[in-house]
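Listed here are the chains, written in short residue letters.
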Amino acid sequence: MSVQLDCSYLDSFISAEDCKQIQAEIKKAHDYLYDNKVNARGNDFHGWLTLPFDYDKEEFARIQSAAAKIRSDSDILVVIGIGGSYLGARAVIEFVKSKNYNLVREAGDPQIFFVGNSISPAELSQVYALCREKDFSVNVISKSGTTTEPAIAFRIFRALLEERYGVEGAAGRIYATTDKAKGTLRSLADREGYETFVVPDDVGGRYSVLTAVGLLPIAAAGIDIEELMAGAAQSAETYTDPDIEKNDCYKYAALRNILYRKGKMVEMMVSYEPDYLMMNEWFKQLFGESEGKENKGIFPASAIYSTDLHSLGQYVQEGSRLLFETVVVFDKTKNDIVIAEDPENLDGLNFLAGKTMSFVNRKAFEGTVLAHTDGGVPNMILRLADMSARSAGELIYFLEKACAISGYVLGVNPFDQPGVEMYKKNMFALLGKPGYEALSAELAERLNK
């Protein structure tokens, strides 16, 4: 079973004619991905398309061996990266294991902490203190090695490793995922003898979870990465027909563009499983960075229900009619609890006695989707079998491909991100980086007004 799209709650929002009219655009987007004669923007970043089949088997085996070593000699794995260099791995670990992974991990699983994704000294200090007391390894992930947030973190944890284990011992505990031939981190890794894995040239960061970028931390958590890749391969085989009536992935891309043209500017991805929280965060980078350009794009938001029904539910139900929801549901929960009968029935919940929490959760979903659609909020449902590694692979590839198709239909390049460079230039100037003196003076004047 791959991801299944349920459109039954869209009948009052989207017509068959709407779908018919957008079909030609979907076919054109499909050709951008598959027809080498079509010079599509971003076609040098289509490597993720064939990853589930066409990946480096030797490197894959080395990833598994490195993960086994980390699991045998490290109480903690520190993963250093930002954006696509950490979100996908963390999302899969929490999806398959738990958002409380570090608390409920099984014997042999190292604690895994993700740093270098902020510049918060408080957060970094906490992980640093833990690593002073336990054996640890580092997986630093950076194409260049000079991105500010991860570079600062790596400088700090590399020094701690060398203090704890010596320069040679530290080198055996550092795993660098970086460019295959160039860049600061590549040069350092070659000089110091770190084991290295490759960030492919033709796979952008937000599409890289099925490369070594995501696979090493995921494998270190004890997750079967062969199953993850098998799930992605299942989706890659399933979603190839450009006819949206035969391809749920393309239909999802089509429907979100139809809704966008009808004024639905925000997509809220929703799940009723808290372990989906970081998958929501990965989704937001994937779609936000791919589509948000040229003054276009659906704003990606997220929620975990029923939790956020007590904070955002009122707005969704009766606020501005600018959003639609994509709800991810699972046929099978990881585990379940039967609600017991209370002799006093003080809370009035004995009508639930004997029922499972998964049953109650499902009814919360059903009641909410009816209420929200009645309130004028379009809802699409993505159904998966479970929260296994295979299902994670299926969903990742489904969303990556839908994002690429959707971006091309929107009329943008889904594989670049020119807008993220502006804040970096300003930050470098304000920090006093050489070469930014003129901009530094300009920004200082503006800030002092």
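Up top is the structure these notes are about.
Residues numbered from 1 in each chain as written. Predicted model: local features only at pLDDT ≥ 70, side-chain atom pairs only at ≥ 80, totals over all residues. Heavy atoms only, no water.

Visitor: Could you give an account of the overall build of the protein, with specific residues and numbers?
Guide: Tallying secondary structure elements over the protein gives 16 helices and 10 strands in all. C-alpha atoms of the protein, sized along the principal axes, occupy 65 × 65 × 55 Å. Within the protein, the proportion of its 449 residues that are buried is 50%. Considering only residue pairs separated by 6 or more positions, the protein has 78% of its internal contacts joining residues 24 or more positions apart. When the accessible surface of the protein is totalled, it reaches about 20,000 Å², and 52% of it is carbon and sulfur. Charged side chains in the protein number 48 positive and 64 negative. The centres of these two groups are separated by 4 Å. (Helix = DSSP H or I, 4+ residues; strand = E, 2+ residues; numbered from the N terminus. Buried < 20%, exposed > 50% of the residue type's maximum accessible area, 1.4 Å probe, protein only. Contact = heavy atoms within 4.5 Å. Areas by Shrake-Rupley, 256 points an atom, 1.4 Å probe, with all protein chains shown as cover. Lys, Arg positive; Asp, Glu negative; His and termini not counted. Charge placed at Lys NZ, Arg CZ, Asp CG, Glu CD.)

Visitor: Outline the packing of aromatic side chains, listing residues and values.
Guide: One pass over the full model with this rule turns up 22 aromatic pairs. On the numbers, 6.0 Å between centres and 50° between planes, the contact of Tyr86 with Phe114 is tilted. With a gap of 28 residues between them, Tyr86 in the loop between strand S2 (76-80) and helix H3 (87-96) and Phe114 in strand S3 (residues 111-115) connect regions that are remote in the sequence. Judged by its relative accessible area of 11%, Phe114 is buried. Where Tyr252 meets Phe287, the ring centres are 6.4 Å apart and the plane angle is 75°; that geometry is what we call edge-to-face. In this pair, Tyr252 is assigned in helix H10 (residues 248-261) and Phe287 in helix H11 (residues 277-291), connecting sequence segments 35 residues apart. For Phe287, a relative accessible area of 0% corresponds to the buried category. (Phe/Tyr/Trp six-rings, centres within 6.5 Å; stacked < 30°, edge-to-face > 60°.)

Visitor: Mind laying out the pairing of strand S6 (residues 195-198), listing which residues take part and the relevant values?
Guide: Strand direction decides the pairing type here: strand S5 (residues 174-178) and S6, joined by 4 bridges, are parallel. Along S6, the bridge assignment pairs Thr178 with Val198. The handedness of the S5 to S6 crossover, carried by helix H7 (residues 184-192), is right-handed. (Pairing = 2+ DSSP bridges. Right-handed = clockwise from strand over helix to strand, strands pointing away.)

Visitor: A description of H11 should follow, citing residues and the corresponding values.
Guide: Between its first and last C-alpha, H11 extends 21 Å over 15 residues, near the 21 Å set by a 1.5 Å rise per residue. As for H11, its buried residues are in contact with H3, H10, strand S7 (266-271), strand S8 (299-304) and helix H14 (389-410). (Expected span 1.5 Å × (residues − 1).)

Visitor: Lay out unusual backbone geometry in plain terms, naming residues and giving numbers.
Guide: The omega angle of the peptide bond from Tyr305 to Ser306 is 5°, so this bond is cis rather than trans. Tracing the chain through its elements places Ser306 in the loop between S8 and helix H12 (313-318). Residues other than glycine seldom take positive phi values, yet Glu294 does so here, at roughly 55°. Relative to the assigned elements, Glu294 resides in the loop between H11 and S8. Located in the positive-phi region is Asn295, a residue other than glycine, with phi close to 60°. Within the secondary structure layout, Asn295 lies in the loop between H11 and S8.

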